Amino acid sequence: MSSTSMSPSERRLHKELMSLIKEPPPGVTVDTESVQQNLSEWKINIKGFEGTLYEGEDFQLLFKFNNKYPFDSPEVTFIGNNIPVHPHVYSNGHICLSILTEDWSPALSVQSVCLSIASMLSSCREKKRPPDNTLYVKTCNKNPKKTKWWYHDDSV
């Protein structure tokens, strides 16, 4: 695809993708095969950092972008059979993180989201699900961006 036929959103995604492949944050790798098939859905592998509760664990994130990106945040969820047990991660993979919704800014990027999620995992002191996990998973929308999150605990 030539850059002249790309929309501004696609150009931005392509630039971010190249940067993420060339200089990924520690423990982060792009599943390039998935991205080649569809630029608007990225699978990103993230490793639990050494010295944290998630050391040695591998997780996968799915980023979905719409044509308003970067003005609209990506939809980001954990996928696969290893969803981290964390106070801000629901068992269906939804992540309660303010930069994914109301605190999103076009200045943020996939890289900054990956770093925030890695940091959230690294600072965790106890592996447990959010207190409302069962009810939320039963009643939530498939798209976590449609959830009205209550951000009430910044200590985990």
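From a predicted model like this one, the values you see are computed outputs, not experimental measurements.

1. Remarks on the pattern of salt bridges
Right, on to step 1. Evaluated as defined, the whole model comprises 5 salt bridges.
Right, on to step 2. Across the salt bridge formed by glutamate 57 and lysine 127, the nearest N and O atoms sit 2.5 Å from each other. Separated by 70 residues along the polypeptide, glutamate 57 in the loop between strand E2 (41-47) and strand E3 (58-64) and lysine 127 in the loop between helix H3 (110-122) and helix H4 (133-139) bring together distant segments of the chain.
Right, on to step 3. Classification of glutamate 57 as buried rests on a relative accessible area of 18%.
Right, on to step 4. For lysine 127, a relative accessible area of 39% gives the class partly exposed.

2. Some thoughts on the sheet that holds E2
Right, on to step 1. Pairing within the open sheet is antiparallel, and its 4 strands lie in the order E1-E2-E3-E4. Edge positions in the sheet fall to strand E1 (28-30) and strand E4 (75-79), since each of these pairs with one other strand and no more. On average, adjacent strands in this sheet sit at an angle of 25° to one another, irrespective of strand direction.
Right, on to step 2. Sheet topology places E1 next to E2; 3 bridges connect them, and they run antiparallel.

3. Side note on the side chain of serine 73
Right, on to step 1. When you line up the elements, serine 73 lands in the loop between E3 and E4.
Right, on to step 2. Among the residues examined, serine 73 registers a relative accessible area of 5% and is labelled buried.
Right, on to step 3. In this structure the side chain of serine 73 is engaged in a polar contact, spanning 2.9 Å, whose partner is the backbone oxygen of leucine 100.
Right, on to step 4. When residues no more than four places from it in sequence are discounted, the contact partners of serine 73 are Leu100, Trp104 and Lys145.

4. Brief notes about the pairing of E3
Right, on to step 1. With 5 of 7 residues buried, E3 is to be regarded as a mostly interior element.
Right, on to step 2. Sheet analysis places E2 next to E3, joined by 7 bridges and oriented antiparallel. Along E3, the bridge assignment pairs asparagine 45 with glutamine 60.
Right, on to step 3. Looking at chain direction, E3 and E4 are connected through 5 bridges and run antiparallel. Opposite phenylalanine 63, over in E4, you have valine 76 as the bridge partner.

5. Considerations on the environment of glutamate 33
Right, on to step 1. Looking at where glutamate 33 falls in the secondary structure, it is placed in helix H2 (residues 32-37).
Right, on to step 2. Taking the C-alpha atoms as reference points, glutamate 33 and lysine 68, separated by 35 residues in sequence, lie 24 Å from one another.

6. With respect to the packing of aromatic side chains
Right, on to step 1. Applying the stated criterion across every chain, the model contains 7 aromatic pairs.
Right, on to step 2. Judged by centre distance (6.1 Å) and plane angle (20°), the ring pair of phenylalanine 63 and phenylalanine 65 falls under stacked.
Right, on to step 3. Of the residues examined, phenylalanine 63 reaches a relative accessible area of 0% and is grouped as buried.
Right, on to step 4. Residue phenylalanine 65 is classed as buried on the basis of its relative accessible area of 7%.
Right, on to step 5. Summarising the aromatic geometry, the rings of phenylalanine 65 and tyrosine 69 are spaced 4.9 Å apart at their centres and angled 70° between planes, so their arrangement reads as edge-to-face.

7. Observations concerning the side chain of asparagine 133
Right, on to step 1. Checked against the element boundaries, asparagine 133 lands in helix H4.
Right, on to step 2. Among residues more than four places away in sequence, those in contact with asparagine 133 are Tyr90 and Ser91.

What counts as what
Residues numbered from 1 in each chain as written. Predicted model: local features only at pLDDT ≥ 70, side-chain atom pairs only at ≥ 80, totals over all residues. Heavy atoms only, no water. Salt bridge = Lys/Arg side-chain N within 4 Å of Asp/Glu carboxyl O. Helix = DSSP H or I, 4+ residues; strand = E, 2+ residues; numbered from the N terminus. Buried < 20%, exposed > 50% of the residue type's maximum accessible area, 1.4 Å probe, protein only. Pairing = 2+ DSSP bridges. Axes fitted to C-alpha atoms, helices over the stretch in contact; angles between N-to-C directions. Polar contact = N/O pair within 3.5 Å; in protein donor to acceptor, adjacent residues only side chain to side chain. Contact = heavy atoms within 4.5 Å. Phe/Tyr/Trp six-rings, centres within 6.5 Å; stacked < 30°, edge-to-face > 60°.

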